[in-house]
Each structure stands twice: as C-alpha cells, then as structure tokens.
Amino acid sequence: MDRLIYLDNSATTSLCPEAVAAMNDAVRIFANPSSLHSAGAAAAGLLENSRKTLLKAAGLGGKFPAIFTGSGSEANNLAILGAARTGKHFPSKRIIITDSEHPSVENSALRLEKEGFEVAFIPTRGGKLDEEVLENELKKGAAIISLMLVNNETGAIYDVDRAFSEAKRLCPGILCHCDAVQGFMRVSLPKNADMISVSAHKIHGPKGTGALFVTPEIMKKKALSPVIYGGGQEFGLRSGTENTVCIAAFAAAAAAAAASREQDAEKLDALYALTVAEAEKAGARVNVPAVHASHIISVTLPGIKSQTMLGLLSAGGVCVSSGSACSSHDAKISRALKAFGLPDSEADCTVRVSLSAENTPKDIEVFGRLLSGGIARLIRVRR
C-alpha cells in the first residue's frame with residue numbers, strides 16, 4: 001500500500017492547514033469566554049471574531065446569528081426540538097420532513113411524535129422532492145418543515161428554496177429549517193430558511209463543532225428554546241463553555257473554503273465525471289439524482305454486497321463507505337437509498353464515494369482499477 005486514498009469525505013474530512021494554524025493559535029487563549037477578567041475577554045473576543053468570520057464565509061454577514069453547537073446533529077436537534085417545544089407561533093402541531101433525512105432530523109421528529117406532534121414524510125424518489133405531496137401536506141398546516149439541502153448518501157440537491165417559499169405561502173407562521181451539513185461550502189445556502197445547520201468536520205474543520213444559523217426574527221420572537229440547559233451561553237440557547245479552539249478552527253476552515261470555492265467546484269466536477277466513468281467501466285451502475293452535488297457518488301455493484309467490496313477496497317488502500325457514517329454499523333437497509341428508489345437487494349450492494357478537492361485523478365483511477373478487479377473476482381467466485 002503506497003498511500004491511503006481517502007474517498008469517504010462525507011463521513012469526515014482531514015484538517016486543512018488553516019484550521020490547524022487557527023487551533024495552534026487558539027490554544028494559547030485558554031480562558032473561559034464568560035469570565036470577566038482580561039483573559040476571559042481575550043477568549044470572548046476570539047469567540048466573537050470566529051462567529052463573524054464564519055458568517056462572512058457563509059455569505060450571511062450580519063443577517064443571521066450563529067449559535068455554536070457540538071455537532072451538526074446537535075444543531076438539527078436544537079432547531080427541531082427547540083422550535084417545537086417553545087409552543088409559540090404555531091399554526092398546528094405538524095412537522096414535515098423528507099423520507100431520506102439524516103437520523104438526527106428524523107429521530108428528532110419521531111421524538112416529537114411521542115409528544116403529540118404529527119410527522120409527515122415527503123417522498124424523494126430519484127432524488128427529487130415530490131412537490132404534489134409537499135403541497136398537499138402544507139395545505140393541512142404545519143408548525144415546522146425541515147429539509148436537507150444535499151442528501152448525504154446520494155448527493156441529491158433538493159430544491160429547498162422553492163419548497164420553503166411554498167411553505168411560507170401556504171402556512172403563514174411556519175418555521176423552515178435546513179440541514180445544510182453536506183451542502184455547506186459546496187452549494188448555495190437557501191435564502192428562505194429560518195434556521196440552517198452546518199458542521200465543521202465536513203469542510204476540513206475539526207470534529208465536535210457545529211453551528212445553527214438563526215434569523216433575527218426567530219431570535220426576536222423567542223421561537224427557539226434550548227435543549228441543553230446550564231449557564232446560558234450562546235444567546236441562552238446552548239449552555240456549556242464554548243469550545244473556542246475548535247470554533248476558531250471551524251471559522252478558519254470556512255474562510256479557506258470560501259476563498260477556494262470556485263476552483264474547488266471545477267475540480268470536483270471533473271473528479272465526479274471521472275468517478276462515474278471509472279465505476280461504469282468497472283461494471284457498476286451510478287445512481288445519478290435529478291440534480292446532484294459533485295462530491296457524492298452512489299454506486300450500485302452487480303450483485304455484490306457493499307461490505308464485501310469495502311473490505312477489498314480497504315485492503316488496497318482505498319476508503320469508501322456503504323452509506324452514512326452515522327448508520328454504517330446499523331444492519332438495516334439504507335432508508336435514503338430505498339427512498340431514492342432502490343430495492344433492498346440493490347441498496348445492500350451500494351457504496352458511496354465522496355470526494356474533496358484534495359483528491360486527484362490518480363486516486364480515482366486507482367479506485368476504478370481496484371473496483372474493476374474486485375467485481376471481476378467476486379463474480380468469478382460467485383459462479
């Protein structure tokens with residue numbers, strides 16, 4: 001094995017140099033940002049500068065406060081549970097999500113179902129929101145709609161802006177939340193969202209840090225309540241001493257991603273096309289959504305279990321995934337792939353290749369060679 005070829009960037013990414021440098025600098029500013037002495041003031045200054053840097057990189061400027069959390073999953077929980085449990089400004093006790101959301105969104109909604117809410121699921125067959133079902137569900141009324149921007153298993157980009165426009169037209173007072181964890185710094189954030197969740201470790205920042213962007217209107221209405229209680233940090237919505245070291249690194253990674261976004265996008269487009277070509281040449285099928293991001297490729301193998309292929313690729317130094325890293329130890333068939341339209345037999349034979357701008361055409365060629373050899377070998381064994 002000459003070197004590791006890492007093609008699992010939707011699970012996590014390596015730290016970029018800018019994030020490492022920011023962490024090294026921030027380590028020296030060790031005080032609690034809530035302390036009133038000069039060392040605390042320095043930490044508070046680092047925290048607020050990081051918040052401004054992150055918002056600027058996201059293109060939100062002063063439009064949204066950013067509430068720092070411990071992960072994208074926590075940001076999703078805060079948005080959904082925190083909004084639902086305020087009990088304010090709701091036209092009804094209904095929540096709308098898609099049938100292929102991340103578990104942190106789906107399980108938050110199902111938790112609220114036990115508390116008296118009704119949950120409606122919008123189909124996403126072929127990687128497209130079913131607009132007819134969405135309109136019908138909105139006409140029934142809803143308190144919250146939560147839609148992911150980019151699907152973490154198929155790469156489908158959902159038309160969240162259009163959906164949120166319809167939601168606000170048909171359900172005045174509805175709160176619109178977007179899980180943008182997989183789309184952040186890769187596709188445009190929705191303009192009509194009230195809350196947006198993002199995560200550091202998907203954009204070459206550190207693990208254990210996320211953020212929820214919330215509109216000033218939601219803050220003014222106090223339409224969000226905490227899910228973690230304590231000292232009242234982060235505008236009173238996320239208690240716990242802020243992780244200033246990782247927050248500084250998150251902001252630095254976001255600034256670096258914003259600066260290189262255009263050239264990274266061109267590179268990822270080329271790598272996506274090459275990955276599709278290599279996978280098809282090897283005898284696999286690529287599941288291409290109606291509109292897709294360029295960093296996630298869903299590949300269905302010809303009758304070969306994904307776990308078997310993962311072992312072969314890993315032995316050759318290539319890392320891919322069988323789906324979301326959050327559910328990779330779950331024996332169940334992927335909900336997202338089934339929602340996309342794959343039968344159980346094909347979903348169980350599907351791998352996810354996820355790219356970053358650090359990958360090279362050579363990486364993809366090695367992946368294609370190992371994939372082709374693995375498919376040929378396993379088909380011979382099966383016969």
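Up top is the structure these notes are about.
Each value, and the rule that gives it
Residues numbered from 1 in each chain as written. Predicted model: local features only at pLDDT ≥ 70, side-chain atom pairs only at ≥ 80, totals over all residues. Heavy atoms only, no water. Helix = DSSP H or I, 4+ residues; strand = E, 2+ residues; numbered from the N terminus. Buried < 20%, exposed > 50% of the residue type's maximum accessible area, 1.4 Å probe, protein only. Contact = heavy atoms within 4.5 Å. Lys, Arg positive; Asp, Glu negative; His and termini not counted. Charge placed at Lys NZ, Arg CZ, Asp CG, Glu CD. 1 Å grid on protein atoms, 1.4 Å probe; cavity = no way out; pocket = protein on both sides within 12 Å on 5 of 7 lines; lining within 4 Å. Points joined across faces, edges and corners; volume = space filled by probe spheres on them. Nonpolar A, V, L, I, M, F, W, Y, C, P; charged D, E, K, R; others polar. Expected span 1.5 Å × (residues − 1). Arc of directions from axis to C-beta. Core = buried A, V, L, I, M, F, W, Y, C linked by side-chain atoms within 4.5 Å. Disulfide = S-S within 2.5 Å.

Draft legend 1. Structural context of the overall build of the protein chain. Across its full length, the protein chain carries 13 helices and 12 strands. Dimensions along the principal axes, computed over C-alpha positions, put the protein chain at roughly 70 × 55 × 35 Å. Among the 383 residues that make up the protein chain, the fraction classed as buried is 55%. Taking all contacts inside the protein chain whose residues are at least 6 apart in sequence as the whole, residues at least 24 apart take part in 74%. Side-chain charges of the protein chain comprise 42 positive and 39 negative groups, with the mean position of each set lying 2 Å from the other.

Draft legend 2. Inspection of the layout of surface pockets at higher detail. For the second largest pocket, the calculated volume is near 430 Å³. Lining the second largest pocket we find 24 residues, and of these Met-185, Arg-186, Asp-264, Leu-268 and Ala-357 sit closest to its centre. Counting residues per element, the ones that place at least two in the lining of the second largest pocket are α8 (244-259) and α9 (261-281). Among the elements that take part in the lining of the second largest pocket, α9 stands out by supplying 5 residues, more than any other. Here the lining of the second largest pocket is built from residues that sort into 12 nonpolar, 5 polar and 7 charged.

Draft legend 3. Geometry of helix α2 (residues 38-57). For α2, spanning 20 residues, the distance from its first C-alpha to its last is 28 Å, which sits close to the expected 28 Å at 1.5 Å a residue. Within α2, the full set of buried residues consists of Gly-40, Ala-43, Leu-46, Leu-47, Ser-50, Arg-51, Leu-54, Leu-55 and Ala-57. Down the axis of α2, the smallest arc covering the buried residues is 165°, so these residues share one side. Residues of α2 that are exposed and point over 90 degrees away from its buried face: Ser-38, Lys-52 and Lys-56. Looking at the buried residues of α2, the elements they touch are α1 (17-26), β2 (66-69), β8 (210-214) and α8. Phi turns positive one or two residues past the end of α2, at Gly-59, with a value near 80°.

Draft legend 4. Quick peek at the nonpolar core. In this structure, Leu-54, Ile-145, Phe-184, Leu-189, Phe-213 and Phe-250 are the most contacted members of the largest nonpolar core, which totals 60 residues. A total of 10 residues in this core trace back to one element, the largest contributor, which is α8. Sequence-distant contacts of Phe-250, that is, excluding residues within four places in its chain, are made with Leu-54, Phe-68, Phe-184, Val-198, Ser-199, Ala-200, Ile-203, Pro-206, Thr-209, Gly-210 and Ala-211. Of all hydrophobic cores here, the second largest spans 29 residues; its members include Leu-7, Val-353, Leu-371 and Ile-375.

Draft legend 5. The arrangement of the state of the cysteines in detail. Tallied over the entire structure, the rule returns 0 disulfides. Cys-176 takes part in no disulfide bond, and the closest cysteine sulfur, belonging to Cys-171, lies 8.8 Å away. Cys-176 sits in the buried class, given a relative accessible area of 0%. With no disulfide of its own, Cys-246 has Cys-16 as its nearest cysteine by sulfur position, at a separation of 12 Å.

Draft legend 6. Main features of the side chain of Ser-321. With respect to the element layout, Ser-321 can be found in the loop between β11 (318-319) and α11 (335-340). Take Ser-321: its relative accessible area is 5%, and that puts it in the buried class. Ser-321 has contacts with Asp-8, Leu-310, Val-351 and Arg-352, leaving out every residue within four places of it along the chain.

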